[in-house]
Each structure stands twice: as structure tokens, then as C-alpha cells.
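# Chains, contacts and geometry: an overview
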Amino acid sequence: MIKIVTIIGARPQIIKAAALSRAIKNKFSTQIKEIIVHTGQHYDANMSQVFFDELNIPKPDYNLNVGSGSHGKQTAAMISGIEEILINEKPNAIVLYGDTNSTLAGGVAASKIHVPVIHIEAGLRSFSKAMPEEVNRIMCDHVSTLLFSPTKTGFDNLIREGFNANAKEPYSANNPKIYHCGDVMYDNSLHFSEVAESKTNILQTLSLKANKFILATIHRNNNTDEPERLNALFKSLNDISLKQDLEIVLPLHPRTSKLMETNLTKQNLEAVKANKGFKITGPVSFLEMIALEKNCKLVMTDSGGVQKEAFYFDKPCIILRPETEWVELVECGTAIIADADEHKIKAAFDKLFTNDHLKFPKIYGNGFAAEFICAEMVKHLQ
Ligand code: UD1
Ligand code: UDP
């Protein structure tokens, strides 16, 4: 039996962790004992608890209750809390997801006291160190022992950074093993897709008709914090909604709800509030999100996870960022990078909205990435 400590903290990590916890419960319960640590990075019920309730994730064994704060303060509090838990629990490894401050904190805490790091979603790069996430993921990858990349691009990025595709056991932080294994979020999308509509009523609540609305999310720090970008994004959404007579569903991250009030111009804010086509809500649950993704006509987002889920449900996507780590989406022609640029967003909309010939090949694994990861952990961490 191996013991792993899983670190979660931000919304997408809680969702990703559901896939591994499910695989452990169904197939590896006699081989893997999982201790779950919630850093408390996200804490509102609709950013955290809702996912535990809905996705059957075991209750965290520890909650550090770190909450919001500057990068330094937040990450430091997490490092200190995680270190103490690792010293007490003495696990075979720590499991980290993605690229948030919770990921970085886990990597620093574990590597300094020689607890092997397993990084799920390794190798992704935006090639912009202006993004806090890029710094987090590079630092985490370079202290990891087993690195699971969801894409071939991610795997190749790791090789370019000096990782050896032919490393031989025993693996360690000095001799890491890299994998291309598919996306645990694809596992989740497949698993929860069938029940999303029957277990939720978001489509009825918002009076939405299938294929007649746009689903949009905005939360990336540069988009919310830079007034020029936030204004361009809301103006683009408003113009498209009015011109095309389209409803836009916008489940807002708390960061965006707070900052739209201060960072939008008075004129823009009033125009958005006056447009009955906008359905602005708080964060929705994962099953509600899947129901929206499956039934919308097009997705506009700056989220990493939502970009891919659009693809999993055969929907075109306008990426509201200057770049993406999920370059396959753009290569397939189903997603277009439009940044926070009104002209690019309009051009992307015109190109994708009426295009019925898009193809969505299965390039993110076979829906069993989490089981593969569990099997490799059991093999290499004994
Ligand atoms: C974090 C991740 C980002 C990820 C996102 C997922 C980092 C550096 N960023 O960004 O990569 O895409 O999570 O959603 O780790 N807030 C609340 N309630 C909450 C959580 C946050 O009100 O439950 C507000 C607070 O004002 C907080 C702000 O949102 O200051 C930002 O939260 P934070 O966790 O620092 O970053 P995210 O923008 O959520
Ligand atoms: N998500 C959700 N409710 C929402 C918005 C997003 O459940 O209101 C889910 C979404 O389906 C995806 C994940 O959260 O699985 C993406 O997280 P987010 O956009 O916060 O972060 P990112 O993926 O950009 O790091």
C-alpha cells in the first residue's frame, strides 16, 4: 500500500482530483491510500464545497484555510502548512495538479524535504512568464519525479527543457520520468456528461434553448485587473449579443464580479446591465457547467479548463487570451485566439459561429488517464 498526499485548493484542481479519487475508489483502494489536503485557496461554497458534494470527492483530511492574499503571503502560508502535514504523514509522494499557487506551494514544501512530487498536467507552457501560472508550472515540473502530461505538446516541451524521455528506474527528482497520458479532465467530462442535464436544471432556470446561446467565462488576472482589457471584453460580448440577438450566459468568478464594478467604464457597465440578453450568474456547479457547455452554440473564455471542455462537447471556442497552452485546439481549427481585442473577437465569431464543418478529434486520451496515473504510481512508488 502506498500513501499519497493530494494537494487541492483552486476550483479546477478540486474537479481534477475527482478523477483520481474515483479511480482509487474503484480500482486501487487496496493499493493506494489518499490523504487530501485543501489549502483553502478557494473557499466560497460555489468555488469549493459544491464540487465535493456533486462529484463525490472525499472530504479533505486537512484544510489549511489559507484564503486569499498576495502571491507571496498566500504561497508562504501554504508551504508552511503543507510541510508540517508531510512531516507528520510521511507519504510516499505528493500529488499536485496544474499551475496554481497551491501547486507551487506543494512542490516547494515536498521537494525540500525529499518527498517525491507527482505532477499531473505537466509540461504545459504558454511561454509567457508574465502569467503567474507559467512560473508555477515550470517550477513544479522541475522538482517533480513523475510528470504526467496530458498532451504530446506538453511531453515535447519537457524534452526541450532537458527531461529525458528514456530515463530508467529508479526515478527521482534528479532522474524524473515523463509520460504523455491524456487528460484527467477528459475522464471527468466523459464520466459526468451523461448525468449533467438530468441532475441539474440550469437550462430551465435560465430559460435557455439548446444551441441558441453563447457560454462565456472571464477570470484571468490580466483580463480582470487591466481595465482596458476588461472593457474590451465586455464591449465585445455586448456588441455580439445585441447584433446577433443572442443570449450570453456568463457565470462569473468572484474576482470578476468584484472587479467589473470598479474596472468597467460607467457607460460599459450600464450597457451590460441594460442588455436583457446577458444572463450573469455566480459560479455554477460542474454539472451545471457541463449542461451549459453541451447545449451552447459557442464558447468564449479565458479559462484553460473551459477551452478544452468546449472541445470535448464539440463546440467552437474563442480564446480570450493572447496565447494558449492547449495549442491542439487551435491547430484543429475549432478554437481561435482572439486576446482581449474587439476586432479579433468579432472576426473569430464570424468565422466560427456559422461553421458547421468543424472536426473535434479525440486527442486528449481515452478517458482512463487517472487509472493510468494510479497504476504508474503503484509501480514506481513502492
Ligand atoms: C486561481 C489560479 C488560476 C486559476 C483559477 C481557477 C493562481 C495564481 N491562480 O486564480 O490559475 O485559473 O484560480 O479559478 O493560483 N475569491 C473569492 N472567493 C473564493 C476565491 C477567490 O472571492 O472562493 C476572490 C478573492 O477576491 C481573491 C480573488 O478571487 O483575491 C482571486 O483568487 P485567487 O485564488 O488568488 O486567484 P484566482 O483568480 O482564483
Ligand atoms: N467551472 C465550473 N463552474 C463555473 C466555471 C467553471 O464548474 O462557474 C469549471 C469548468 O467546467 C472547468 C473548471 O471549472 O472544469 C475550470 O476552472 P477555471 O476556469 O476556474 O480555471 P482554469 O481551468 O482556467 O485554471
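Presented here is an overview of the structure given in this document. Just so it is clear, the model here is predicted, and its values are computed rather than measured.

The next subject is the pattern of salt bridges. Overall, the coordinates contain 23 salt bridges when judged by the stated rule. Residue E247 is joined to K279 by a salt bridge in which the shortest nitrogen-to-oxygen separation is 3.3 Å. Of this pair, E247 sits in strand β9 (residues 247–251) while K279 sits in strand β10 (residues 278–281), and the two are 32 residues apart along the sequence. For E247, a relative accessible area of 25% gives the class partly exposed. Of the residues examined, K279 reaches a relative accessible area of 17% and is grouped as buried. Bridged by salt links that share partners, the residues D99, E134, R137, R321, E323 and E325 form one connected network.

What follows concerns the layout of surface pockets. Taking a probe equal in size to a water molecule and rolling it over the atoms shows the remaining empty space. In this structure, the second largest pocket spans a volume of roughly 280 Å³. Along the walls of the second largest pocket sit 16 residues, with S21, R22, K25, N56 and P58 positioned nearest its centre. Counting residues per element, the lining of the second largest pocket draws most heavily on helix α1 (residues 11–27), at 6 residues. When grouped by side-chain class, the residues that make up the lining of the second largest pocket number 7 nonpolar, 4 polar and 5 charged.

For helix α14 (residues 304–312), a buried count of 8 out of 9 residues is recorded, marking the element as mostly surrounded by other parts of the structure. For α14, the full list of buried residues reads G304, V306, Q307, K308, E309, A310, F311 and Y312. Where the residues of α14 are buried, they touch α7 (184–196), β8 (213–217), α13 (286–295), β11 (298–301), β12 (317–319) and α15 (327–331). The N-terminus of α14 is capped by S303, whose side-chain oxygen sits 3.2 Å from the backbone nitrogen of G305. One or two positions beyond α14, positive phi appears at D314, with a value near 60 degrees.

Calculation criteria
Residues numbered from 1 in each chain as written. Chains lettered and ligands numbered in written order. Predicted model: local features only at pLDDT ≥ 70, side-chain atom pairs only at ≥ 80, totals over all residues. Heavy atoms only, no water. Salt bridge = Lys/Arg side-chain N within 4 Å of Asp/Glu carboxyl O. Helix = DSSP H or I, 4+ residues; strand = E, 2+ residues; numbered from the N terminus. Buried < 20%, exposed > 50% of the residue type's maximum accessible area, 1.4 Å probe, protein only. 1 Å grid on protein atoms, 1.4 Å probe; cavity = no way out; pocket = protein on both sides within 12 Å on 5 of 7 lines; lining within 4 Å. Points joined across faces, edges and corners; volume = space filled by probe spheres on them. Nonpolar A, V, L, I, M, F, W, Y, C, P; charged D, E, K, R; others polar. Contact = heavy atoms within 4.5 Å. Polar contact = N/O pair within 3.5 Å; in protein donor to acceptor, adjacent residues only side chain to side chain.

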